[in-house]
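Here's the letter readout for the chains.
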Amino acid sequence: MTDILVYVPNSGKHAAEVLTLARALGDVSAIAFDDAAAALAGEYGAAKVYRVEAPGVDDYFVDPKAAVLIDLARSADPGFFLLPSTDEGKALAARVAVALDNGLMTDVSGLDADGTATQDAFAGATVVKSKSTKGFTLATVKSGATEPAPAPGSPATETVNATVDAADQRVKVAQRVDEPAGDRPALSEARIVVSGGRGVGSAEDFALIEKVADALGGAVGASRAATDSGYYPHKFQVGQTGTTVSPQLYVAAGISGAIQHRAGMQTSRVIVAVNKDADAPIFGMADFGVVGDLFQVLPQALEEIEKRK
């Protein structure tokens, strides 16, 4: 089978999705910079783990990690090299592509054995097929591309000792701030997301969105219009310029469905929309739609949810 390199961050559903997708293409060799990432790779079917020991690698931007990935890609000569389509993953992939004069595809949602990738273009309005014409298939995989499926094993481990060269110390990380996790699941990994839009009307009224999300055990999201209006913090924005989500259930309340928002949630398994405007674009992609005032519809839904607990 084809050799597949996969860069594995230390945790997360997204990394598990990439590993699951990679297994269908060949034998997976995972690159892990810590024990948590190595454990995740083993849980999701990696045949081999490159366990990188590089003291100080996290003290700088992605350049030190990129140097390791470039060396491994050069020596392994893989058929595919896959990374999560995150800010870090894209930054790493770009550096690998430039260093090796290799093709690069970003935000792929599917890959065939011959390297043909499926990509959503124009915020999901068009689906295209792409293929690198130079080098191996280097791609970042968007969240929600596949359902993660564990395949626990005992991968072979090769220790890779690396140092942080002076040339890779150009950007130093001054501070990292861990946001409190809270009681709700992380937005990017939640199986249920309840989002509010401009139609919620105010920051105070977003309490209703939170109540529905909590009743369902889900995360709270918001449209760009809602966050720009100050109704909810920007870190909860769902969309092309926010967080991409792919839950089992996505509830869009008071969200018209602008193309920017649809790009961030269109791979949701089931979409439920509540909006007063029967012509709102969100209804064009919803599995279930309710034309009505969200302040009348959601309390009724909340009452039924509570009855079933």
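The structure displayed is predicted, hence computed values, not measured ones.

A. Spatial organisation of the packing of aromatic side chains. A full pass over the atoms with the stated rule returns three aromatic pairs. With a centroid separation of 6.2 Å and an interplanar angle of 70°, the aromatic rings of Tyr7 and Phe33 are classed as edge-to-face. Of the two residues, Tyr7 is situated in strand β1 (residues 2–7) and Phe33 in the loop between β2 (26–32) and α2 (35–43); the sequence distance between them amounts to 26 residues. Like Tyr7, the residue Phe33 is buried in the burial classification.

B. Geometry of the pairing of strand β13 (residues 270–275). As paired elements, strand β12 (residues 249–253) and β13 share five bridges and run parallel to each other. Bridging from a neighbouring strand, Tyr250 pairs with Ile271 of β13. Examined bridge by bridge, β13 and strand β14 (residues 288–291) share four bridges and lie parallel to one another. Looking across to β14, one finds that Val272 is bridged to Phe288.

C. How the structure looks around the pattern of salt bridges. By the definition in use, this model includes 17 salt bridges. The salt bridge partner of Arg51 is Asp35, with a shortest N-O separation of 3.1 Å. One end of the pair, Arg51, is in strand β3 (residues 48–53); the other, Asp35, is in helix α2, with 16 residues separating them in the sequence. Classification of Asp35 as exposed rests on a relative accessible area of 56%. Arg184 is the partner of Asp214 in a salt bridge, and the nearest nitrogen-oxygen pair spans 2.7 Å. Linking Asp214 in helix α5 (residues 206–216) with Arg184 in the loop between β9 (156–161) and β10 (192–196), this pair joins segments that are 30 residues apart in sequence. The network of salt bridges with common partners includes Asp35, Arg51 and Glu53.

D. Just the sheet that holds β12, in detail. Spatial ordering of the open sheet is given by β11-β10-β12-β13-β14, a layout of five strands whose pairing is parallel. Both edges of this open sheet fall to β11 (219–222) and β14, since each of them pairs with a single strand only. The sheet shows a mean angle of 15° between the axes of neighbouring strands, taken without regard to direction. Running at roughly 135° to β13, helix α8 (residues 294–307) makes contact with β12, β13 and β14 of the sheet.

E. Summary view of unusual backbone geometry. Phi is positive for Asp77, which is not a glycine, with a value near 50°. Relative to the helices and strands, Asp77 resides in the loop between α3 (63–76) and β4 (80–84). Accessibility expressed as a relative area gives 60% for Asp77, which makes it exposed. In this structure, Asp101 takes a positive phi of about 55° despite not being glycine. Exposure remark for Asp101: the relative accessible area of 48% places this residue in the partly exposed category.

Criteria and cut-off values
Residues numbered from 1 in each chain as written. Predicted model: local features only at pLDDT ≥ 70, side-chain atom pairs only at ≥ 80, totals over all residues. Heavy atoms only, no water. Phe/Tyr/Trp six-rings, centres within 6.5 Å; stacked < 30°, edge-to-face > 60°. Helix = DSSP H or I, 4+ residues; strand = E, 2+ residues; numbered from the N terminus. Buried < 20%, exposed > 50% of the residue type's maximum accessible area, 1.4 Å probe, protein only. Pairing = 2+ DSSP bridges. Salt bridge = Lys/Arg side-chain N within 4 Å of Asp/Glu carboxyl O. Axes fitted to C-alpha atoms, helices over the stretch in contact; angles between N-to-C directions. Contact = heavy atoms within 4.5 Å.

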